[in-house]
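# Remarks on the overall topology
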Amino acid sequence: PRNPNVSLNDPFPADLISAGITAGGVNPDLKISYMTQQNFSIQKEIGRAMVLEIGYAGSKGNSLLRSRNVNQAVLGSGSIANRRPFGRFGNIGWLEDSANSKYHSFQTRFDRRFIDGISLLGSYTWSKSIDDNSGSGGAAETGGNFNNYDLKRERGLSAFDHRHRGTAAFMYQPQFGKSLTGVAGALARGWQFNGILTLSTGQPFTAALSGDVSLTGNGNDRP
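Residues numbered from 1 in each chain as written. Predicted model: local features only at pLDDT ≥ 70, side-chain atom pairs only at ≥ 80, totals over all residues. Heavy atoms only, no water.

## Structural notes on the overall build of the protein
- Counting its regular elements, the protein contains 2 helices and 8 strands.
- Put simply, the protein runs from its N terminus to its C terminus through helices and strands in the order α-β-β-β-β-β-β-β-α-β.
- Considering only contacts within the protein whose residues lie at least 6 apart along the sequence, 67% involve residues at least 24 apart.
- Counting only carbon and sulfur atoms, one obtains 59% of the accessible surface of the protein, whose full area is about 14,600 Å². (Helix = DSSP H or I, 4+ residues; strand = E, 2+ residues; numbered from the N terminus. Contact = heavy atoms within 4.5 Å. Areas by Shrake-Rupley, 256 points an atom, 1.4 Å probe, with all protein chains shown as cover.)

## Observations concerning the pattern of salt bridges
- For the coordinates displayed, the defined rule picks out 8 salt bridges.
- Of the charged contacts, one joins arginine 109 and glutamate 53 as a salt bridge, the two residues approaching to 2.7 Å between their closest N and O atoms. Taken as a pair, arginine 109 in strand 4 (residues 89–115) and glutamate 53 in strand 3 (residues 50–69) lie far apart in primary sequence, 56 residues in all.
- On the basis of relative accessible area, glutamate 53 is assigned to the buried category, the value being 18%. (Salt bridge = Lys/Arg side-chain N within 4 Å of Asp/Glu carboxyl O. Buried < 20%, exposed > 50% of the residue type's maximum accessible area, 1.4 Å probe, protein only.)

## So, the side chain of aspartate 97
- In this structure, aspartate 97 sits in strand 4.
- Here the side chain of aspartate 97 touches lysine 31 through a polar contact of 2.5 Å, landing on its backbone nitrogen. (Polar contact = N/O pair within 3.5 Å; in protein donor to acceptor, adjacent residues only side chain to side chain.)

## Thoughts on the packing of aromatic side chains
- With the rule as written, the count across this model stands at 1 aromatic pair.
- Measuring from centroid to centroid gives 6.3 Å for tyrosine 172 and phenylalanine 193, while their planes differ by 20°, and the two rings are stacked. With a gap of 21 residues between them, tyrosine 172 in strand 7 (residues 164–172) and phenylalanine 193 in strand 8 (residues 193–200) connect regions that are remote in the sequence.
- Among the residues examined, tyrosine 172 registers a relative accessible area of 34% and is labelled partly exposed.
- Residue class for phenylalanine 193 comes out partly exposed when judged on its relative accessible area of 42%. (Phe/Tyr/Trp six-rings, centres within 6.5 Å; stacked < 30°, edge-to-face > 60°.)

## What about the pairing of strand 4?
- Relative to strand 4, strand 1 (residues 21–26) runs parallel, the two being bridged by 5 bridges. Across the sheet, glycine 25 pairs through a bridge with tryptophan 94, a residue of strand 4.
- The pairing of strand 3 with strand 4 spans 17 bridges and is antiparallel. Residue pairing in the sheet places arginine 66 in a bridge with glutamate 96 of strand 4.
- As judged from the 13 bridges shared by strand 4 and strand 5 (residues 118–131), these two strands associate in the antiparallel manner. Across the sheet, residue serine 105 finds its bridge partner in strand 5, namely serine 127.
- Where strand 4 folds back onto strand 5 in an antiparallel hairpin, the turn is made up of 2 residues, including aspartate 116, whose phi is positive at roughly 55°. (Pairing = 2+ DSSP bridges.)

## Overview of unusual backbone geometry
- Even without a glycine there, the phi angle at aspartate 116 is positive, about 55°.
- Of note, aspartate 116 is situated in the loop between strand 4 and strand 5.
- Aspartate 116 gets classed as exposed once you look at its relative accessible area, which sits at 55%.
- We note that leucine 215 has phi near 55°; this positive angle belongs to a residue other than glycine.
- On the secondary structure map, leucine 215 appears in the segment after strand 8.

## Points about the environment of phenylalanine 160
- Here phenylalanine 160 shows up in the loop between strand 6 (156–157) and strand 7.
- Distance in space between the C-alpha atoms of phenylalanine 160 and serine 129 is 8.0 Å, their sequence separation being 31 residues.
- Contact partners of phenylalanine 160, with chain neighbours within four places excluded, come to Ser129, Asp131, Ser134 and Gln203.

## Side note on the pairing of strand 2 (residues 34–46)
- Bridge count for strand 2 against strand 3 is 13 bridges, and the pairing is antiparallel. The partner of lysine 44 across the bridge, within strand 3, is leucine 52.
- Between strand 2 and the antiparallel strand that follows it, strand 3, lie 3 residues; glycine 47 among them carries a positive phi value of about 70°.

Printed below as a string of structure tokens:
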């Protein structure tokens, strides 16, 4: 078989990378991702068995990881390769710590403790989560970003954002059968009924175009 045209002095010869191979790298100065959280709530007892709670909860993600295509072709005329910073390579994925997120929520909770055979629990959350990376998806070498030189355009609702979410739960333990004995008492006592209902609004989505309409070699165009 023929020997490959690769040497230690030239590991990327022109005839190998002229087809535009993809590559990847990692920022050697990556910061550790971290999150700050804050919350505040007040409770009010209602009667002898009920509690109403109202509160706020929020968080901020810092130095979150993202993949960015540092070899995306800039807009203009001519071939895609001629408009790339590194013309002999295709897309180059670069892992960095430039993403961030914000979350704010208003929460309410109603709790009726178990008494007289019944307990109730209801909660409602209004929230909004914003970031600039969760909905990117796509291949690792492109990161799913529309314009890798203007990442501010990636800011929007988080892919997992649910604006409204409500949950109701109950537990009911019948009180009949306490005076019965024998087999009838054994069958009548110890029953318990439980139920949970959760209602939530849907998740946001981003419309995308198929193909490379912008001719940037990135493949993540939007209408």
